[in-house]
Amino acid sequence: MSVERIFDELGHFKRFQACLYFAAVFQSVACGIHYLASVFLVETPNFVCSVPSNITDVLYGNLTGSSLDEILPVFKAGPGPLVVRTADGEQWELSRCQCALRANPKDFTYNFDGNKTVIACNGNFVYDHTEVHQSIVTDWDLVCEREWLAKLCQPTFMLGVLIGALVFGDIADRVGRVRILMFTSLCQFGLGVSVAFSGNYYFFVVLRFLLAMVSSGYLVVVFVYVTEFTGIKVRTWTSMHVHAAFAVGIMVVALTGYLVRVWWIYQIILSICTSPFLLFCWKFPETPFYLMAKGRYKETQTLLDTIARFNGLECRLRAEDLLEPDDQNGRALLEKESEERPSQSEKKLSILDLFGSWRMVGRTCTVWAIWFIGSLGYYVFSLGSVNLGGNQYINLFLAGAVELPSYLVGCFAMDRIGRKRTCAPALLLAGIACMLIIVVPADIKVLAIVLSMTGKFAIAIAFGLIYLYTCELYPTIIRSLAVGSGSMMCRVGSVVAPFCVYLADVWVYLPQLIVGILAFIIGVLTLLLPETLGRPLTTTLEEAEALGREPSKQNSALGNKDAEDGLEMNQHSA
C-alpha cells in the first residue's frame, strides 16, 4: 500500500493537518507581498527640473501660485511647461527633463516668443510629495535618462523568481521540504528588512533579486509540503487555496501602501507582517512522503504516532505497512503491468516526447500557451491595476480581492462541469472583458476598472486549474516533464509581464488589451483539448494521445483505485 494509506487511517484533513496547513499558508502571504511590493516602491510622482535660486511666482496655464508645491499636483507632462520667476528676477520654463531660461523677458506671462536657453536638468528635480512622500525614484532620481533603471526593478525580481523556483525545487528533493521552508522564511524576513537599508540602487536590485529567489523557493516548496500532508479528498482545495494566501498578500500591499508613503518604512512593515511564522516554523515535521522515500522509517513512525495523538485517534498503522502492497493480487497486477511495458520504462525520455505526434504537438503548444497567458495575465492585471485611473490603492486591493471567489468557483466548476469546460470559458471571458475596454469612454473609469477586474477573476480561474489539467493530459512517464516545462513557460510570462505593463505609457489600457487578445485566442484553442474529468490517468503515450478520440471505458474497482492513486501523484507533481 502507498503512503497515501496514512490519510485513510489518520484523516485527510483533521486537526494536525489543518494546523500545519494554515501555518504554512500564512507565510505564503509574504510571497504575495514581496512580488507586488514594487508597485509602490518605484512609484514616480509628478516632477519638474529645479532652478538654481528661490522661486517667488509660478504660472501653469491659467493657474498661479507662489511655490511649485501648489502647482505640481495638477501638472501634466504634455500640455506645456511650468513658468516660474525667481528671487533674482529670472524666468524659467520648467519641463520634466529640461528647463529653459528666458532671455530678456519684459512681463511675467505664460506665453513667451523671445529667445530661450535650454538647459538639461543634470539630476536636479523637484517632486510632488502629495501622494508619494518618498520612493526609490525620488531618493535616487530615477527619472528621465535614468527612468529605465526604475523600470528594470520588477523584471529583475521576476528573473529571480524563475531562478529560485528551479534552484529550491531541486534542493528540496535532496535535503527535505522543512529545511527549505525554514531557510527561505528566514531569508524573506532578513532580506526584506535589508532592502529598506540598501542605501543605493544597485544594492537594492541585488537584494530584491535574492529576495525573489527565496520567495519563489518558499512558494514552490509549500505547494509540495501541503500536498504531502493532506489527503486526496481535499488536495485540490488545499493546493488551489495557497493561491488565495498570495492574493491576501496583494491586499496587504495595497493597505500598507495607502497608510505608509515612505518607501523604506513601507518595506520594513511589509517584511515583518509574517514574522510570527519564524517563531514556530522550526517545529514543522518533515512530510511522510519524503521520510519514506529516504528510508527514515523510525522518524516516519514517530510522525504517525504524533498525527494520531493530535487527531485524537489510536495509531494502528506502522511505517513498515507503507512499504509493500496489502495483498498478493495487487502485487501481481503491478508486476504484470510492469512486464507488459518494459520498453517504455527503460526508454530515456526527453522534452521531445511532448511532441511525439502532430496531435501531441498541438496539445503541448496549447498547454504551454495557457501557462504563459495565465502568468502574464495574472501579473499584468495585478501590476497594472494602479494605472487604470481612480484610486490606485483601491484598484490594487480589488485586484487581490477578486481572486478569493475565483478559486472557490474554479474548484466547484472543475469537479462538476470539467477541466476544459472551466478553463476555456474562463480564458474567453478574460479576453472579452479586456477587449471591451477599447469601447469604454475615457470619462467612465469605473467601467474600465470593472472590466479589468473581471479579466483578473477569469484569468485566476484558468491559472489555478492548469496545474491539475496538465497532469491529467499527459501519461505517467512524462507527466513531471510536462508540468516542469509548463511551469517554465509560466516563469517566462512573469518576466515578460512588467514590460507589458510599461506599455501603459503608450495607452493606459494597452496591457489589458494585449492580454485580452491572447487570452481569447488561447481560449478558443483550449476548446480543442480533450476533457479529462472522470477519466483514469493515462500511463503510456498511446493512451494519452487517444484522449478525446473515444469515450472512456468503464474501469474495474481496482482500475478506479489506480486512477485515484495516480491523481494523488499527479497533484503532488504539480
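Residues numbered from 1 in each chain as written. Predicted model: local features only at pLDDT ≥ 70, side-chain atom pairs only at ≥ 80, totals over all residues. Heavy atoms only, no water.

(A) A look at the pattern of salt bridges. Taken as a whole and assessed by the stated rule, the structure comprises twelve salt bridges. Residues Arg102 and Glu93 are paired through a salt bridge, measuring 3.0 Å at the closest nitrogen-oxygen approach. Using a relative accessible area of 4% as the deciding quantity, one classes Arg102 as buried. Note on Glu93: relative accessible area 9%, which makes it buried. Across the salt bridge formed by Asp415 and Arg419, the nearest N and O atoms sit 3.2 Å from each other. Under the relative-accessibility criterion, Arg419 is labelled buried at 5%. (Salt bridge = Lys/Arg side-chain N within 4 Å of Asp/Glu carboxyl O. Buried < 20%, exposed > 50% of the residue type's maximum accessible area, 1.4 Å probe, protein only.)

(B) Spotlight on the packing of helix 8 (residues 177-196) against helix 12 (residues 263-272). Look at helix 8 against helix 12: their axes get within 8 Å of each other, and the N-to-C directions meet at 170 degrees. By the angle between their directions, the pair helix 8 and helix 12 is classed as roughly antiparallel. Residues Phe189, Gly192, Val193, Val195 and Ala196 of helix 8 pack against Trp263, Trp264, Gln267, Ile268, Ser271 and Ile272 of helix 12. (Axes fitted to C-alpha atoms, helices over the stretch in contact; angles between N-to-C directions. Helix = DSSP H or I, 4+ residues; strand = E, 2+ residues; numbered from the N terminus. Parallel < 35°, antiparallel > 145°, perpendicular 65-115°, else oblique. Contact = heavy atoms within 4.5 Å.)

(C) Molecular detail of the state of the cysteines. By the definition in use, this model includes two disulfides. Covalent S-S linkage joins Cys49 and Cys121, the inter-sulfur distance amounting to 1.4 Å. Highlighted residues: Cys49 in strand 1 (residues 47-49) and Cys121 in the loop between strand 7 (116-120) and strand 8 (125-127), separated in sequence by 72 residues. By the burial criterion, Cys49 is buried, and Cys121 matches it. A sulfur-sulfur distance of 2.0 Å marks the disulfide that ties Cys97 to Cys144. Given an S-S torsion of about -100 degrees, the disulfide between Cys97 and Cys144 has left-handed geometry. Here the residue Cys97 occupies a position in the loop between strand 5 (91-94) and strand 6 (98-102), and Cys144 occupies one in the loop between helix 5 (136-140) and helix 6 (147-151), the gap between them amounting to 47 residues. In this structure Cys97 comes out as partly exposed when scored by relative accessible area, which is 41%. Overall, the relative accessible area of 16% leaves Cys144 in the buried class. The connectivity of the disulfide-linked cysteines in the chain, indexed sequentially, is 1-3, 2-4. (Disulfide = S-S within 2.5 Å.)

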